[in-house]
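Letter by letter, the chains look like this.
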Amino acid sequence: MKKQTVRTIQKAKGKEKLVMLTAYDALFAKLFAPYVDMLLVGDSLNMSFAGRPDTLSATMEQMLYHTKAVCAGAPESFVIFDMPYGSYTDESTALANAIRVYQETTADAIKLEGSQEKAPIVHHLVQNGIAVMGHIGLLPQHVRGEGGYKVVGDKEKLLSDAKALEEAGVFALILEGVKADLAHDITHSLSIPVIGIGAGADVDGQVLVWSDMLGLFEEFKPKFVKRYCDGARLVKEAVQRYAQEVKNGQFPDEEHSY
Ligand code: KIV
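Conventions and cut-offs
- Residues numbered from 1 in each chain as written.
- Predicted model: local features only at pLDDT ≥ 70, side-chain atom pairs only at ≥ 80, totals over all residues.
- Heavy atoms only, no water.
- Near = heavy atom within 4 Å.
- Polar contact = N/O pair within 3.5 Å; in protein donor to acceptor, adjacent residues only side chain to side chain.
- Areas by Shrake-Rupley, 256 points an atom, 1.4 Å probe, with all protein chains shown as cover.
- Salt bridge = Lys/Arg side-chain N within 4 Å of Asp/Glu carboxyl O.
- Helix = DSSP H or I, 4+ residues; strand = E, 2+ residues; numbered from the N terminus.
- Buried < 20%, exposed > 50% of the residue type's maximum accessible area, 1.4 Å probe, protein only.

Trainee: Explain the site of the ligand here, please?
Mentor: Taken together, the residues surrounding the ligand are Thr22, Leu40, Gly42, Asp43, Ser44, Asp82, Lys111, His135, Ile174, Ile197 and Val209. Note that an oxygen atom of the ligand is positioned 2.6 Å from one of the side-chain N or O atoms of Ser44. In this structure, an oxygen atom belonging to the ligand sits 3.1 Å away from a side-chain N or O atom of Lys111. Starting from 260 Å² of accessible surface for the ligand in isolation, the protein chains cover 95%.

Trainee: How should I be thinking about the pattern of salt bridges in this particular structure?
Mentor: Pairs can form between side chains of opposite charge whenever their charged atoms are close. One pass over the full model with this rule turns up eleven salt bridges. Its salt-bridge partner being Lys236, residue Glu218 comes within 3.1 Å of it at the nearest N-O pair. One end of the pair, Glu218, is in the loop between helix H10 (210-213) and helix H11 (231-247); the other, Lys236, is in helix H11, with 18 residues separating them in the sequence. Owing to a relative accessible area of 48%, Lys236 belongs among the partly exposed residues under this scheme. The structure contains a network of salt bridges with shared partners spanning Glu61, Arg100 and Glu104.

Structure follows, in structure tokens:
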């Protein structure tokens, strides 16, 4: 797949669905790259990779480490850095951290969560040459404040949040945990691509967390996740077979010995 740019991603709206998937390391980024338009180094890695209960303790250092790995594994991919909680609380903090992303990695864009109150921060970043993807609806970084992960249904607020972020300069928007009819209305009211996660089919593209999509993350499965592979079962069976073969002396055999 040809490397996407902000311009080609925007031009896809209304013509071709955009495919986005998270990636956290070089090995899997390389496997995913040929099939997706964008790779997101999501702070969801703090849950599935670091084993933490939510995304809030992800740090800039952690996200930079994983982003460098993804960029190395998939140099031809459009890579998006997910700004961790607390890294974009005001304009200067956000810009200093976004500059670190551009200087220390080859990521193409950053993503930040938040509604219209984040518009001045987005504007400031865009004015300084940073490509910004917005993220509205269900905000995982607000999980403790909200008391859980809840579908969002306030139509007027979501529409004005989306408009404010578009005007501030986001090149695309993630819409998470929103009923399909509302996601349709938001998508059709904007000229930038809307990428859905738990937002139905009538959006400009989809994103999933790779470990959910491959059935590796077993703790819980939100309704919107489709498991394209029973990854956890496949991995467990393989490791069990390996362990059995080591125990009973079947591995290594002649074929796997020097
Ligand atoms: O962190 C992440 O993986 C995300 C996706 C759920 C969009 O933000």
